[in-house]
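Structure at a glance
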Amino acid sequence: MALVHAPVYNKNGAIVATSITNLDLHDIARAAATFGVKRYYVVHPAEAQQALARRIMGFWQEGFGAEYNPDRREAFTRVRLVANLDEAAAEIRESEGQAPLLVATDAGRYPNTVAYPDLRRRLEEEDRPFLLLFGTGWGLLPRDVANADLVLAPVFGPDEYNHLSVRSAAAIILDRLRGH
């Protein structure tokens, strides 16, 4: 899975880079570990943001933090920092021997939208890597959604309100795709 911080939209529709947050690093890494995700890519082009993420993760992977909470240390072993999605796809291609099938998440429906049971079946049956894309801020750019092989159906509740935090959406989606 990949958490894309740039380029994404802000609430005004401008293309921006969002900040890496401590909570997204921790919570999504723990969800990834819980649901058996092989790698969790944090995508940000700014070296300063990557340095911040390395500092946060380093605390939990070495010294006091690692001793205090070994579960968090284990969760962070899955995290990779990359500047863009191409780097993540290239790493997957190199380690898995084939390019990943890109699956975007979005609040809209598209011609290539796939339902959760269908994607779950494919994850279980197909011998190929999948890369699940999550956008921060107000979501992935249309070009990134259009470049995806599939778009996962949106997460909807019973009412019209629909603005989950990315870490909440990731946990719900991972449970639907990999939970028992």
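Everything numeric here is computed off the predicted structure, so don't read it as measured data. Along every chain, residues carry numbers that run from 1 in the direction the sequence is written. It should be noted that, the model being predicted, local features are given only for residues of pLDDT at least 70 and side-chain atom pairs only at 80 or more, the latter also being counted only at that level, while totals for whole chains, interfaces and linings use all residues. Heavy atoms throughout the structure, all of them, feed into the side-chain values; hydrogens and water do not.

**Here we look at a nonpolar patch on the surface**
On the surface, Phe59, Phe64 and Tyr68 cluster together into a nonpolar patch covering about 380 Å² of accessible area. Counting from the N terminus, the helices are the DSSP runs of H or I reaching at least four residues and the strands are the DSSP runs of E reaching at least two. With respect to the secondary-structure elements, Phe59 resides in helix H2 (residues 47-61). Like-charged residues are merged into a patch within 9 Å and nonpolar side chains (Val, Leu, Ile, Met, Phe, Trp, Tyr) within 5 Å, provided each residue has over 30% relative accessible area and no salt bridge. In this description, accessible areas are obtained by the Shrake-Rupley approach with a 1.4 Å probe, and a residue is regarded as covered only by the protein chains that are shown. Salt bridges are counted wherever a side-chain nitrogen of Lys or Arg sits within 4 Å of a carboxyl oxygen of Asp or Glu.

**What to know about the UniProt feature "domain: tRNA (guanine-N(1)-)-methyltransferase C-terminal" (unreviewed entry) in the protein chain**
UniProt positions are given in the numbering used here, feature names are shortened, and annotations may be inferred rather than shown by experiment. Listed under "domain: tRNA (guanine-N(1)-)-methyltransferase C-terminal" (unreviewed entry) in the UniProt record, and renumbered for this structure, are residues 1-178. Secondary structure content for residues 1-178 is 46% helix and 17% strand, while the C-alpha to C-alpha distance between its ends is 13 Å.

**Describing the side chain of Gln49**
Looking at where Gln49 falls in the secondary structure, it is placed in helix H2. Exposure remark for Gln49: the relative accessible area of 17% places this residue in the buried category. When checking whether two residues touch, look at their non-hydrogen atoms; a contact exists if any pair is within 4.5 Å. In contact with Gln49, other than residues within four places in its own chain, are Thr18, Ser19, Ile20 and His44. A 1.4 Å probe rolled over the protein chains alone gives each residue an accessible area, and that area as a share of the maximum for its type sets the label: buried under 20%, exposed over 50%, partly exposed in between.

**A few points about the environment of Trp60**
In this structure, Trp60 sits in helix H2. For Trp60, a relative accessible area of 14% puts it in the buried group. A sequence separation of 14 residues divides Trp60 from Glu74, and the C-alpha atoms of the two residues are 9.1 Å apart. Those residues in contact with Trp60 that lie beyond four places of it in its chain are His26, Gly65, Ala66, Tyr68, Asn69, Arg72, Arg73 and Phe76.

**A closer look at the side chain of His5**
One can find His5 in the loop between strand E1 (2-4) and strand E2 (8-9). Excluding residues that lie within four positions of it along the chain, His5 makes contacts with Val16, Ala17, Thr18, Ser19, Ile20, Val42, Val43, His44 and Thr136.

**Concerning the packing of aromatic side chains**
Pairing of aromatic rings covers Phe, Tyr and Trp, the last counted by its six-membered ring, and requires centre-to-centre distances within 6.5 Å; plane angles under 30 degrees mean stacked, over 60 mean edge-to-face, and any other angle means tilted. Under the definition given, this model contains three aromatic pairs. Where Phe59 meets Trp60, the ring centres are 4.9 Å apart and the plane angle is 90°; that geometry is what we call edge-to-face. Classification of Phe59 by relative accessible area gives partly exposed; the value is 39%. A centroid spacing of 5.5 Å and a plane angle of 20° characterise the contact between Phe64 and Tyr68, whose relative ring orientation is stacked. Here the residue Phe64 and the residue Tyr68 both occupy positions in helix H3 (residues 63-68), the gap between them amounting to four residues, near one helical turn. Here the two residues Phe64 and Tyr68 agree in accessibility, since each one is exposed. Following the ring pairs from residue to residue traces out a cluster consisting of Phe59, Trp60, Phe64 and Tyr68.

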